[in-house]
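The lines below spell out each chain.
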Amino acid sequence: MAILTKRRVGLVVSVVVGLAALAQAIQPPPPPLGKADKAGAWQTKAVPAQVRTLLARACADCHSNDTNWPWYARLSPGSWLMSDHVSRGRRRLNFSIEYTLDEEEIGEIVEAAGNGSMPPPSYLWMHPEARLSESDKALLNRWWMGDLTE
Ligand code: HEC
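Note that the coordinates shown come from a computational prediction; the quantities given were computed from them, not determined experimentally. (Residues numbered from 1 in each chain as written. Predicted model: local features only at pLDDT ≥ 70, side-chain atom pairs only at ≥ 80, totals over all residues.)

Three or more residues of helix H2 (residues 49-58) are buried, namely Val 51, Leu 54, Leu 55 and Ala 58. Buried positions in H2, seen along its axis, are confined to an arc of 95° and lie on one side of it. Taken together, the buried residues of H2 touch helix H3 (60-63) and helix H7 (134-144). (Buried ≥ 20, exposed ≤ 12 C-beta atoms within 10 Å, placed from the backbone. Helix = DSSP H or I, 4+ residues; strand = E, 2+ residues; numbered from the N terminus. Arc of directions from axis to C-beta. Contact = placed C-beta atoms within 7 Å.)

Set out below in structure tokens:
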């Protein structure tokens, strides 16, 4: 009986280890990374310096090419989730692309940040520094109201 149980445990362990190895072998390529965004949307006049700092802290990983790709981003299955987040996030909004944010986009940014849907709560768990305080949200509101000067 004891031997049987040991064997079963051994079997379960090897299946689990095998699956983990298989999952790890299936790696999405990291998103293209780069800091060459001198002329990106967040460097334009539409984005005052304080707002730029805030966006860089809380949104850049998914909404710019300036993505930080830490070691744990290379572990399955988290890597699948993160690479999906980054590619969908960038497709929706990429501050590294050279264009000027219009009023509608600024409104969407302020709304997503204000209602807590952005940054995604699952991201905040590993990135507490990206959490937005009430004063961060107030700053964004002032930006939207056109009430900020550089
Ligand atoms: C962990 C990655 C991640 C971070 C960090 C992040 N976003 Fe997003 N964001 C996404 C993804 C993914 C989508 C696309 C959602 C979809 O496809 O429906 C998105 C969509 C958006 C949209 C489009 C409207 C919407 O709600 O779908 C806005 C606006 C936005 N994000 C703003 C922000 C702002 C502002 C920040 C920082 C305060 C931020 N995001 C941080 C991943 C992220």
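Alright, that's what it looks like, and here's the rest.
Before going further, it helps to examine the packing of helix H5 (residues 103-114) against H7. Between H5 and H7, the shortest axis-to-axis distance is 10 Å and the interhelical angle comes to 160°. The angle between H5 and H7 falls in the class roughly antiparallel. Crossing of H5 over H7 shows left-handed handedness. Contacts between H5 and H7 involve Ile 106, Gly 107, Val 110, Ala 113 and Gly 114 from the former and Lys 137, Leu 140, Asn 141, Trp 143 and Trp 144 from the latter. (Axes fitted to C-alpha atoms, helices over the stretch in contact; angles between N-to-C directions. Parallel < 35°, antiparallel > 145°, perpendicular 65-115°, else oblique. Left-handed = near helix turned anticlockwise from the far one by under 90°.)

The next point concerns the nonpolar core. Core analysis: the largest hydrophobic core is formed by 18 residues, its most contacted members being Trp 42, Val 51, Leu 54, Leu 55, Ala 58, Cys 59 and Ala 113. Among the elements of the structure, H2, helix H4 (78-92), H5 and H7 are those that each provide at least two residues to this core. Ranked by residue count, the leading element in this core is H2, at four residues. Each residue touching Ala 113, except ones within four places of it in the same chain, is listed here: Met 118, Leu 132, Lys 137 and Leu 140. (Core = buried A, V, L, I, M, F, W, Y, C linked by C-beta atoms within 7 Å.)

Across the chain, the bulk of peptide bonds are trans and the bulk of non-glycine residues have phi less than zero. Between Ser 76 and the following residue, Pro 77, the backbone shows a cis peptide bond with an omega angle of -5°. With respect to the helices, strands and loops of the structure, Pro 77 is situated in the loop between H3 and H4. Omega for the bond connecting Met 118 with Pro 119 falls within 30 degrees of zero, at -10°, which places this linkage in the cis form. Within the fold, Pro 119 resides in the loop between H5 and helix H6 (121-126).

Taken together, 19 residues surround the ligand, and among them Cys 59, Cys 62, Gly 89, Met 118 and Tyr 123 come closest. Within the residue set of the shell around the ligand, elements represented by two or more residues are H3, H4 and H5. Each residue belonging to the shell around the ligand can be placed in one class, and the counts come to eleven nonpolar, four polar and four charged. (Near = placed C-beta within 6 Å. Nonpolar A, V, L, I, M, F, W, Y, C, P; charged D, E, K, R; others polar.)

Between H2 and H7, the shortest axis-to-axis distance is 10 Å and the interhelical angle comes to 130°. Comparing their axes, H7 and H2 come out oblique. Of the two elements, H2 crosses H7, and the hand of that crossing is left-handed. Every residue of H7 that contacts H2 at Gln 50, Val 51 and Leu 54 is listed here: Asp 136, Leu 139, Leu 140 and Trp 143.

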